[in-house]
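Chains, contacts and geometry: an overview
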Amino acid sequence: MEECDPPAELRREVSDLMGRKLTTRELGVARLPPVVANFIDSEFELARVSFESGRSRAPEEVVAQAEHFYKIVVERLEREANGVRTAGKR
């Protein structure tokens, strides 16, 4: 957040989420706040337009790293959604 200039509403929402995370336990799943979801969607759309138009090209190594990261995150989220805990976590 310090290295970019997000919209004020997004900054407030993220600060609020971080504050709640400091004082509460994670006891379940919550919906992604609309302001955060909209920001993520708009950033992906901006990236999609940039890459599909040919204005930007990521090196193959970067693409491979991103795909690997995505796979790891999706697999973790699927395990969590199915109630399987990650090894070493309670």
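Look a little higher up for the structure.
Parameters and conventions
- Residues numbered from 1 in each chain as written.
- Predicted model: local features only at pLDDT ≥ 70, side-chain atom pairs only at ≥ 80, totals over all residues.
- Heavy atoms only, no water.
- Helix = DSSP H or I, 4+ residues; strand = E, 2+ residues; numbered from the N terminus.
- Buried < 20%, exposed > 50% of the residue type's maximum accessible area, 1.4 Å probe, protein only.
- Areas by Shrake-Rupley, 256 points an atom, 1.4 Å probe, with all protein chains shown as cover.
- Patch = residues over 30% accessible without salt bridge, like charges linked within 9 Å, V, L, I, M, F, W, Y side chains within 5 Å.
- Salt bridge = Lys/Arg side-chain N within 4 Å of Asp/Glu carboxyl O.
- Expected span 1.5 Å × (residues − 1).
- Arc of directions from axis to C-beta.
- Contact = heavy atoms within 4.5 Å.
- Axes fitted to C-alpha atoms, helices over the stretch in contact; angles between N-to-C directions.
- Parallel < 35°, antiparallel > 145°, perpendicular 65-115°, else oblique.
- Left-handed = near helix turned anticlockwise from the far one by under 90°.
- Nonpolar A, V, L, I, M, F, W, Y, C, P; charged D, E, K, R; others polar.

Let's talk about the overall build of the protein
The secondary structure content of the protein amounts to three helices and zero strands. When the elements of the protein are put in sequence order from the N terminus, they spell out α-α-α. By residue count, 8% of the 90 residues in the protein fall in the buried class. Element-wise, carbon and sulfur atoms account for 56% of the exposed surface of the protein, whose accessible area totals about 8400 Å².

Remarks on a nonpolar patch on the surface
A cluster of nonpolar side chains, contributed by Leu32, Ile40 and Phe44, occupies part of the molecular surface with about 280 Å² of accessible area. Turning to its location among the elements, leucine 32 is positioned in the loop between helix 1 (8-23) and helix 2 (34-52).

Points about the pattern of salt bridges
Scanning the entire structure with this criterion turns up five salt bridges. Between arginine 48 and glutamate 45 there is a salt bridge, and its shortest N-O distance comes to 2.5 Å. Of this pair, arginine 48 and glutamate 45 are both found in helix 2, three residues apart, which corresponds to roughly one turn of the helix. Linking glutamate 80 and arginine 76 is a salt bridge whose minimum nitrogen-to-oxygen distance equals 3.0 Å. In this pair, glutamate 80 and arginine 76 are both assigned in helix 3 (residues 60-81), four residues apart and thus about one turn of the helix distant. The exposure class of glutamate 80 is partly exposed, given its relative accessible area of 42%. One connected set of salt bridges, linked through shared partners, spans Glu13, Asp16 and Arg20.

Side note on helix 2
With 19 residues, helix 2 ought to run about 27 Å at 1.5 Å a step, and its terminal C-alpha atoms sit 26 Å apart, in line with that. Along helix 2, the residues that are buried comprise Val35, Val36 and Ser50. For helix 2, the angular spread of the buried residues around the axis is 105°, confining them to a single face. Away from its buried face by more than 90 degrees, helix 2 exposes Pro34, Asp41, Phe44 and Glu52. Buried-residue contacts for helix 2 involve helix 1.

Concerning the packing of helix 1 against helix 2
Where helix 1 contacts helix 2, the two axes come as close as 9 Å, and the packing angle between them is 120°. Here helix 1 lies oblique to helix 2, going by the angle between them. With respect to the hand of their crossing, helix 1 and helix 2 are arranged in left-handed fashion. Contacts from Glu9, Leu10, Glu13, Val14 and Leu17 of helix 1 reach helix 2 at Val35, Val36 and Phe39. Taken together, the residues that form the contact of helix 1 with helix 2 break down as six nonpolar, no polar and two charged.

Keep in mind these values describe shape, not function.
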